[in-house]
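Examination of the molecular architecture
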Amino acid sequence: MTLDSRIPAGPLSEKWDLCQQEMRLIAPARRGRFEVLVVGAGLAGASAAATLAEQGYRVTVMTLLDSPRRSHSVAAQGGVNAARNYANDGDSIRRMFVDTLKGGDFRAREANVYRLAQLSGRVIDMLAAQGVPFAREYGGGLLNRSFGGVQVSRTFYARGQTGQQLLLGVHGSLLRQVQAGQVRVLTRREMLDLVVVQGRAVGVIARNLINGDLESYAADAVVIATGGYSSVFRLSTNALNSNATAIWRCHRRGAWMANPCFTQFHPTCIPPLNAAQCKLTLMSESLRNDGRVWVPLQGDEKRRPESIPEDQRDYFLERLYPAFGNLVPRDVASRAIRTIVEAERGVGPDGRAVYLDFAQAMQRVGRTTLQDRYKNLFALYEEISGDNPERIPMQISPAPHFTMGGLWVDYHLRTTLEGLFAVGEANCADHGANRLGANSLLQTMVDGSFVLPRTLTHELACLGPSTADAQHPQFAECAQDCRRLSEDWLHRRGKWSVPDLHRRLGDVLLKGVGLCRSAQGLRRALGEIEELSADFDAQLQISGGSGTINGELERAGRLYDFLQLGRLMCLDALHREESCGAHFRSEYQDDQGHPLRNDQDFAHVACWEWAEETVRHCEALEFEALPLATRQYQRG
């Protein structure tokens, strides 16, 4: 199979407009013939469903939660980017494109990145019209702040609750279509398999998490919007139920996975407090606008942070990256923290954290202003840690967060299977080897509200309605495959529970394919994953049955996919013999520890095909509008 990214010809700034002009259309009165199934109800899925329904399509939305409002998009804190230049500091679509492509270390498509910046302003207009309460200045204009990897203020925000407020706005649009009868919302359903007939995705098999039944759902097109897979590390900023099953089962049915080793560690997380934690808590990157990151100059410092004089502190991000200071990209900040910790200069009970200090900002802008900007974030930190960050510096450390890899999609957001699309973090389209802060919420809205409705219409106009309904033999065959797996797991009587095995897998992946990777460590991780897989096959322990509510069975299925995905992540990292973005190979760095990229051999997207022997393909990346250059953040 030959990859076709379907990037249109023409100048970069005109590609999306030219693409839309060439797409086929479906008359409004004819769209009701088509059924679209959206799996996932976060910002990407809900915005796609609401927009498609508004256009006249019949839409079914599936979520494993009890309400779309509980989707993990609600946890995003800091903001959503848009190139509007409200701060009059020189921002533009071109500058946002450059920042994003550079931030991803030149491992994303130029055309996709430019479209993200080009459509960003329309996203803000739409969200404001939906009633999202963005922060405003005294005169009523929308406020902006800065995020990592940029030198302008382009991030629109609603205090530290931006994801929640956006989800409320989009959820209102979705409910409007539910009321109109255009959208059916299925809660407490988990996709277990993709049904493919003659190379076209025609529906899914899902487990009803209320009664344990397997259910079949047919559609003319399937949209995967289930987010990323950082829960493969077990402890991450993702919610406990976040998983990779939907994208992985699509991969097993023929959709290619792209760049699975590109996983981002967020530098501003609350360190683990005990071994029983099921997730980590993110502290918004926006805090680094006013908070200063530092450690004591001397290791093994016993004094409380507020007692350490200024001349005995190392504000290492400001020292290493004077042009960007504390707002360097996440991968750069996380590696710098890791270097400090490995030099035994970290702080906290286990010595693996650094301080984020607001004392100087408190003097500069005052408590009232800081409270207005970060009140709920300060309250969240104090509730978890017991320390008031207005008086005592926060303790932060890197943690698994966003995954830039995902299902491979072309410029139309279509996977390698006809009729199957992936939007938001479920795809690999826009962020390259590292995502800049506040571009995640932006991508969900651009994909769901502006790109997918046009490209999916073109796909359906070309393919026509599906001829396979839920009674097609392939649905029964897929359901039987799912049932056979579940019954196999339930009959095992081993000694390892799912949480125990997942904890072991997380430890293996953190060491092998975490912040720093090496050929030796990756090979060791691959061997340990094989041992874990053998333990899963022979020593799994699950109680209960399949025809009822069974959380252990649900988690076993997710772990089954995590084990296979973890192996592919290590393989992908082992094949990519360079350091780029969040993928840092210790063998590929200069004398100062800066990453060494290999553009001659690895300026491509690595695409993996499911087969008996995993097959690796490449989509070459070409850079015309912005020549390849080594990233540097020491100067502007």
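Please refer to the structure higher up on the page.
The sections below set out a description of the structure shown in this document.

Cut-offs used in this document
Residues numbered from 1 in each chain as written. Predicted model: local features only at pLDDT ≥ 70, side-chain atom pairs only at ≥ 80, totals over all residues. Heavy atoms only, no water. Buried < 20%, exposed > 50% of the residue type's maximum accessible area, 1.4 Å probe, protein only. Helix = DSSP H or I, 4+ residues; strand = E, 2+ residues; numbered from the N terminus. Pairing = 2+ DSSP bridges. Core = buried A, V, L, I, M, F, W, Y, C linked by side-chain atoms within 4.5 Å. Contact = heavy atoms within 4.5 Å. Expected span 1.5 Å × (residues − 1). Axes fitted to C-alpha atoms, helices over the stretch in contact; angles between N-to-C directions.

**Thoughts on the pairing of strand β11 (residues 263-269)**
Burial of β11 is extensive: seven of the seven residues sit out of reach of the surface. Looking at chain direction, β11 and strand β15 (residues 394-403) are connected through four bridges and run antiparallel. Counted as the bridge partner of Cys269 is Ser397 from β15.

**So, the nonpolar core**
Grouped burial of nonpolar side chains is what soluble globular proteins tend to show. Grouped together as the largest cluster of nonpolar side chains are 144 residues, with contacts concentrated most on Leu194 and Ile224. Top element by residues in this core is helix α16 (residues 551-575). It accounts for 13 residues. Dropping the residues within four chain positions of it, Ile224 is found in contact with Val39, Met191, Ala246, Ile247, Cys250, Leu420, Phe421, Ala422, Val423 and Ala426. Ala333, Ile340, Tyr381 and Tyr633 belong to the second-largest nonpolar core, a separate cluster that totals 29 residues.

**Focus: the sheet that holds strand β12 (residues 292-296)**
One open sheet holds the five strands; their spatial order is β11-β15-β14-β12-β13, and the pairing between them is antiparallel. In the strand order of this sheet, the two ends are held by β11 and β13 (313-314), each with one partner.

**Quick look at helix α6 (residues 162-179)**
With 18 residues, α6 extends 26 Å from end C-alpha to end C-alpha; this agrees with the ideal 26 Å at 1.5 Å per step. Those residues of α6 that fall on the buried side of the exposure criterion are Thr162, Gly163, Gln165, Leu166, Leu167, Gly169, Val170, His171, Leu174 and Gln177. At the exit of α6 stands Gly181, carrying a positive phi of roughly 85°.

**Considering the sheet that holds strand β19 (residues 615-620)**
The strand order β16-β10-β18-β19 describes an open sheet built from four strands, whose pairing is antiparallel. Every interior strand has two partners, whereas the edge strands, β16 (406-407) and β19, have only one. In the sheet, strand β10 (residues 257-258) pairs with β16 via two bridges, with the strands oriented antiparallel. When the sheet's bridge partners are listed, Ala258 is paired in β16 with Gly406. The sheet strands contacting α16 are β10, β18 (604-609) and β19, and the helix crosses β18 at an angle near 140°.

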